[in-house]
Amino acid sequence: MASNEAVVRIRNLVKRYGELVAVDHLSLDIAPGEVFGLLGPNGSGKTTTINCILQLLSYDHGEIELFGQPMRPTSYQLKRRIGVVPQEVAVFDELTVRENVDSFCALYVRDRARRRELVDAAIDFVGLQKFEDFRPKKLSGGLLRRLNIACGIAHRPELIIMDEPTVAVDPQSRESILSGIERLNAEGTTVIYTSHYMEEVERLCSRIMIMDHGRSVASGTADELKGMIGTGEKVSVEVGEMDEATLERVRSLPHVRSAEVDAGMLRVQCASGAHNLADVLGVLAENGLSYGRVLSEPPTLNDVFLEITGRALRDEA
Amino acid sequence: MLASLRASVLSLARDKALLVWTLAFPIIMTLIFMGMFSGIQDAYTTVGSTLGVVRDKNYSAAMGLDETIQAISDPTSSDHICNVTYYESAADAEAAANATEVDAYLTVDAEGAPQLHVTNASLSENGTLPTSVLAEILDTYQHTRAAAEKVAATRPELLATGEAIGAFTESAVQTVRLTATKNPPSPDARYYYALLAMAAGMGATAAMVSVRRLLPTAGPLGARQALAAVPRWRMLVGALLGAWLCEFACLLVAALFMWGVAGVSFGNDASGVVVALAASSLMACAAGTLCGTVTRMETSMISGITCLLSLFTGLYGTASQQLADTIETSVPALAHANPLWQTTNSFYALLYYDTPDAFLESVAALLIMTLVFLALASFRLRRTSYDHL
């Protein structure tokens, strides 16, 4: 990707906190119109990277360009083109929904008439028309999240950075938020999206980067990432009872990583292979076992994430 | 800048805690003071006295004495000093004085010389002030009478002219109200001024809250606003102006309430009062801005500091006032370094001083403190920039 096309271009970004290297020689390019997913366990360097992009943090080494221009703390023209939806709801408790959206919009747009249009549009976009005169304390968690988004997008930024915008919201609100992001993207907005909800990332993101220990450990489309790991589908077969010898035959199949029977269901985790389901069902048929429901689940992004970053708990000292 | 000013004003105007401390608190305290100080006001204004007069033949024979007594006891006269009760005998008058029905009683001896009798009971009840005023009047009467007798003995023809009589009667009794200050002393004004100063100090929390909302180090709201497409200093100025407007408005309302409801005098220079309120609220906002840069500082700490500084403005009673006066006398620099003392003093200067020098000095001191606080705040803000998330 040519650098003049990138909305975000990072080269060899290094950020240290004393001995700790929070971001370790990170490079990435984000093209216009992409929804770029930034994944990683807690402490992997996602938020630090975003704060460096936004110049909220200085960094030890590297280059950051937005829209082809170096990003500096005083790059106000560039900041005008960026919108941020932080992970925590960051609004004025004493202002109403409309006043909040207007206050944040006013940080980028001076013209009052133009601002009124933008605020109306932002409130419409997140569906808060009925709550315009409500103060944040009167809003539910989902409505608050939507207000948080409206405050970040009201000035019509070309690049929106969303840091876990759907934390602690109900499924309806989440669906509303996700479809809103899809609409923004359809209008041409570039989005950087971080989340721990893999299904959201898989649904939204055209490209994904997985970070760990401050480094990019994998990047590509969701399918590309799934192809990078050896994990294949999960096969579940309703078998009733099953003898140990048959179970051992299933386990000995070439692409089977594990197999176990739990409450009458045979659950088989396969490595990537072309005929895993047929092979498992073949073993059952050869041993005269009848079966009921059969379910084959392809590998998910969550499987990819866990395989790449490991299953050990994070956030521990 | 306008965006942060507007957000600051709207937020602060709806912040109940701030409204309580900067507006409700001085108004409620004013109402309490009104109740407390009504007795004090009476004590300071009751300077009249009650005089018993033994109206016997000696009294009737004393030239001009009855006229003098009637002149100072006429309630419709501007020379009214005492209320008079007449007794038939000295024993009756003495009994009345012992019962503190009168502050003193007057008898006239055989030579026509008036004598003022004061009992211990009256002195312990009323002090020496009422009787000393009466003694001074009687002394004046005697001098006048002696002069008239001398003229009568040496140049009787002068008494025939109205000019000489007029001169004697004019000088017989004169009371002159002397005022050392521009306005009459108000014993409770000091409390109200100190209360306004305290409210101004409490208002520092407004600026603290406004400024802290803009600090990326203080929370997600600050971080979000740090991404604005305007320089941070402009946003800070907007927030500071917003806080100042809110605090100034609250103090103005409180001062108007004191003046209109409690009858507190601020002198005759209304514009001076506005300037003093503006300067003190600006100083408080600058102090709040400085406090806001210390992210670990709680708003309750501003309340604590304000309460402590108010001790040295005399807000907490006579002991506190004596302490403040002692410090002002013995270590004036320490008193002058107290911003709340300067606020109190600016109102004092408006009320009592003929020239604006003392007032201007206090206002200048408040403005200098404002600049110092802002300089320190900007220094800290530069240090706590983006790398302290």
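All residue numbers refer to positions counted from 1 along the written sequence of the respective chain. The lettering of chains begins at A and the numbering of ligands begins at 1, in the order of writing. Restriction of local features to residues with pLDDT of at least 70 applies here, the model being predicted, together with a cutoff of 80 or more for giving and counting side-chain atom pairs; totals for whole chains, interfaces and linings are based on all residues. As a rule here, side-chain values cover all heavy atoms of the structure and leave hydrogens and water aside.

Asks: How would you explain the overall build of chain B if you had to name every residue and give the values?
Replies: The secondary structure content of chain B amounts to 19 helices and four strands. To sort residues, take the accessible area from a 1.4 Å probe on protein chains only and compare it with the maximum for the residue type: under 20% means buried, over 50% means exposed, and anything in between is partly exposed. Buried positions account for 47% of the 389 residues belonging to chain B. With residues, only the protein chains shown are counted as cover, and all accessible areas are computed by Shrake-Rupley using a 1.4 Å probe. Element-wise, carbon and sulfur atoms account for 62% of the exposed surface of chain B, whose accessible area totals about 18,800 Å². Secondary structure follows DSSP: runs of H or I at least 4 residues long count as helices, runs of E at least 2 residues long count as strands, and numbering of each begins at the N terminus.

Asks: Summarise the interface of chain A and chain B; cite the residues concerned and give the values.
Replies: Contacts are assigned to residue pairs that have any heavy atoms within 4.5 Å of one another. Chain A puts 33 residues into the contact, and the matching count from chain B is 26 residues. Carbon and sulfur atoms supply 58% of the area that chain A and chain B bury against each other, a total of about 2,700 Å² over both sides. It is Leu56(A), Glu94(A) and Leu107(A) that lose the most area in chain A upon contact with chain B, and together they represent 26% of the buried surface on that side. When a carboxyl oxygen of Asp or Glu lies within 4 Å of a side-chain nitrogen of Lys or Arg, that pair is called a salt bridge. In this structure, the connection of chain A to chain B is made through three salt bridges. Polar contacts here mean pairs of N or O atoms no more than 3.5 Å apart (in protein, one a potential hydrogen donor and the other a potential acceptor; neighbouring residues in sequence count only if both atoms are side-chain atoms). For the pair chain A and chain B, the number of links is 10 residue pairs in polar contact (both at pLDDT 80 or more). Secondary-structure elements contributing two or more residues to the side of chain A that touches chain B are helix 2 (76-79), strand 6 (82-85), helix 3 (97-106) and helix 5 (141-153) of chain A. Of the residues contributing to the side of chain A that touches chain B, the split by class is 17 nonpolar, seven polar and nine charged. As used here, buried area is the combined drop in accessible area, with a 1.4 Å probe, of two parts when they are placed together. When residues are grouped by polarity, Ala, Val, Leu, Ile, Met, Phe, Trp, Tyr, Cys and Pro land in nonpolar, Asp, Glu, Lys and Arg in charged, and all others, Gly among them, in polar.

Asks: Any chance you could break down the packing of aromatic side chains for me, citing the residues and the numbers?
Replies: Side-chain rings of Phe, Tyr and Trp, where Trp is taken by its six-membered ring, are said to pair if the distance between their centres is within 6.5 Å; with planes under 30 degrees apart they count as stacked, over 60 as edge-to-face, and otherwise as tilted. This model, assessed by the stated rule, comprises 11 aromatic pairs over all chains. Aromatic side chains Phe33(B) and Tyr192(B) sit 5.6 Å apart centroid to centroid with 75 degrees between the ring planes, which places their arrangement in the edge-to-face category. Taken together, the residues span a long stretch of sequence, with Phe33(B) in helix 2 (residues 16-45) and Tyr192(B) in helix 10 (residues 189-202) at a distance of 159 residues. Assessed through its relative accessible area of 2%, Tyr192(B) is described here as buried. Their ring planes at 80 degrees and their centres at 5.8 Å tell us that Tyr193(B) and Tyr348(B) sit as a pair that is edge-to-face. In this pair, Tyr193(B) is assigned in helix 10 and Tyr348(B) in helix 18 (residues 339-352), connecting sequence segments 155 residues apart. We call a charge positioned over a ring when the NZ of a Lys or the CZ of an Arg lies within 6 Å of the ring centre and within 35 degrees of the ring normal. Of note, Arg81(A) hangs over the ring of Phe67(A), and the distance from its end group to the ring centre comes to 3.9 Å. Over the ring of Phe125(A) we find Arg183(A), and its NZ or CZ is 4.4 Å from the ring centre.

Asks: Explain the nonpolar core to me, using residue names and the numbers behind them.
Replies: Definition of nonpolar core: a set of buried residues of the types Ala, Val, Leu, Ile, Met, Phe, Trp, Tyr and Cys, connected through side-chain atoms within 4.5 Å. Judged by nonpolar contacts, the single largest core of 98 residues is most densely connected at Val8(A), Leu66(A), Val101(A), Leu159(A), Met162(A), Tyr193(A) and Ile208(A). Among the elements that make up this core, the one with the highest residue count is helix 5 of chain A (seven residues). Ignoring any residue separated from it by four or fewer positions in sequence, one finds Ile208(A) in contact with Gly37(A), Leu39(A), Val201(A), Ala218(A), Ser219(A), Gly220(A), Ala222(A), Leu225(A) and Leu301(A). Val273(B), Met283(B), Leu315(B) and Leu351(B) belong to the second-largest nonpolar core, a separate cluster that totals 49 residues.

Asks: Lay out the domain arrangement of chain B in plain terms, naming residues and giving numbers.
Replies: Size of an interface: often given as the accessible area lost when the parts come together. Where each domain begins and ends follows an automated or database-derived domain assignment. Looking at chain B, the domain boundaries give domain 1 (2-41 + 185-388) and domain 2 (48-172). When each unit is reduced to the centre of its C-alpha atoms, the spacing between domain 1 of chain B and domain 2 of chain B is 55 Å.

Asks: Explain the confidence of the model for chain A to me, and be specific about the residues and the numbers.
Replies: pLDDT runs from 0 to 100 and stands for how confident the predictor is about each residue. In the predicted model, chain A carries a mean pLDDT of 89, and the fraction of residues at 70 or more is 97%. Mean pLDDT in chain A bottoms out at helix 11 (residues 301-309) of chain A, which sits at 79, and peaks at helix 3 of chain A, which reaches 95.

Asks: Go over the pairing of strand 7 (residues 159-163) of chain A, please, and point to the residues and values.
Replies: Residues and elements named next belong to chain A. The element strand 7 is extensively covered by neighbouring structure, given that five of its five residues are classed as buried. For two strands to be treated as a pair, DSSP must find at least two bridges joining them. Note that strand 7 and strand 8 (residues 190-194) share five bridges and pair parallel. When the sheet's bridge partners are listed, isoleucine 160 is paired in strand 8 with valine 191. With the strands aimed away from the viewer, a crossover counts as right-handed if its path from the first strand over the helix to the second runs clockwise. Note on the crossover from strand 7 through helix 6 (residues 171-186) to strand 8: the handedness is right-handed.

Asks: Could you give me a rundown of the sheet that holds strand 1 (residues 8-17) of chain A, with the residues and numbers involved?
Replies: Across a sheet, strands are paired by hydrogen bonds formed along the backbone, either parallel or antiparallel in direction. Residue and element names in this part refer to chain A. Taken in spatial order, the four strands line up as 2-1-4-5 in an open sheet, and their pairing is antiparallel. Sheet topology places strand 2 (20-30) and strand 5 (69-70) at the edges, where each strand pairs with a single neighbour. Across five bridges, strand 1 lies against strand 4 (residues 61-66) in antiparallel orientation. Opposite arginine 11, over in strand 4, you have glutamate 63 as the bridge partner.

Asks: Tell me about the pattern of salt bridges, residues and numbers included.
Replies: Oppositely charged side chains are able to pair whenever their charged atoms sit close together. All names here are of chain A. Taken as a whole and assessed by the stated rule, the structure comprises 22 salt bridges over all chains. Residue arginine 9 is joined to glutamate 65 by a salt bridge in which the shortest nitrogen-to-oxygen separation is 4.0 Å. One end of the pair, arginine 9, is in strand 1; the other, glutamate 65, is in strand 4, with 56 residues separating them in the sequence. Of the two residues, arginine 9 and glutamate 65, neither departs from the other in class, the shared state being buried.

Asks: Outline the UniProt feature "domain: ABC transporter" (unreviewed entry) in chain A, listing residues and values.
Replies: UniProt positions are given in the numbering used here, feature names are shortened, and annotations may be inferred rather than shown by experiment. If you check UniProt for "domain: ABC transporter" (unreviewed entry), the listed places come out as residues 8-238 of chain A in our numbering. Here residues 8-238 of chain A is 35% helix and 29% strand, with 49 Å between the C-alpha atoms at its ends.

Asks: Explain a positive patch on the surface to me, and be specific about the residues and the numbers.
Replies: A residue counts toward a patch only above 30% relative accessible area and without a salt bridge, and it is joined to like-charged neighbours within 9 Å or, for Val, Leu, Ile, Met, Phe, Trp and Tyr, to nonpolar neighbours within 5 Å. Asp and Glu are treated as the negative residues and Lys and Arg as the positive ones, with His and the ends of the chain left uncounted. Charged side chains are reduced to one point each, which is NZ for Lys, CZ for Arg, CG for Asp and CD for Glu. A surface patch of positive charge is lined by Arg135(A), Lys137(A), Lys138(A) and Lys16(B). Along the chain, Lys16(B) falls in helix 2. The class for Lys16(B) is exposed, based on a relative accessible area of 68%.

Asks: How would you sum up the domain arrangement of chain A? Please name residues and give values.
Replies: All names here are of chain A. With domains assigned, chain A is organised as domain 1 (1-81 + 191-229 + 301-317) and domain 2 (230-298). A C-alpha centroid distance of 38 Å is found between domain 1 and domain 2. Counting from both sides, the interface comprises four residues of domain 1 and, opposite them, five residues of domain 2. Summed over both sides, the interface of domain 1 with domain 2 buries roughly 350 Å², with 32% coming from carbon and sulfur. Area buried by domain 1 at its contact with domain 2 is led by Ile229, Asp303 and Glu307, which between them contribute 97% of it. At the junction of domain 1 and domain 2, the tally comes to zero salt bridges.

Asks: Describe the side chain of Arg115(A), with residues and values.
Replies: Relative to the assigned elements, Arg115(A) resides in helix 4 (residues 112-126). Not counting chain neighbours up to four residues away, the residues in contact with Arg115(A) comprise Asp102(A), Cys105(A), Ala106(A), Val109(A) and Arg110(A).

Asks: Would you mind going over the environment of Ala223(B) in detail, with residue names and values included?
Replies: Among the structural elements, Ala223(B) can be located in helix 12 (residues 220-225). A sequence separation of 190 residues divides Ala223(B) from Phe33(B), and the C-alpha atoms of the two residues are 44 Å apart. The contacts of Ala223(B), once residues within four sequence positions are left out, are Leu56(A), Leu215(B) and Pro216(B).

Asks: Residues and numbers for the packing of helix 3 of chain A against helix 4 of chain A, please.
Replies: All names here are of chain A. Interaxial angles span 0 to 180 degrees and are taken between N-to-C directions of axes, which are lines fitted to C-alpha atoms, for helices over the stretch in contact. Between helix 3 and helix 4, whose axes approach to 10 Å, the crossing angle comes to 125 degrees. In terms of orientation, helix 3 lies oblique with respect to helix 4. For the crossing formed where helix 3 meets helix 4, the hand is right-handed. Residues Val97, Arg98, Val101, Asp102, Cys105 and Ala106 of helix 3 lie in contact with helix 4, whose contacting residues are Arg115, Arg116, Leu118, Val119, Asp120, Ala122 and Ile123. Working rule for angles: under 35 degrees goes down as roughly parallel, over 145 as roughly antiparallel, 65 to 115 as roughly perpendicular, anything else as oblique. Left-handed describes a crossing whose near helix is turned anticlockwise from the far helix by less than a right angle; the clockwise case is right-handed.

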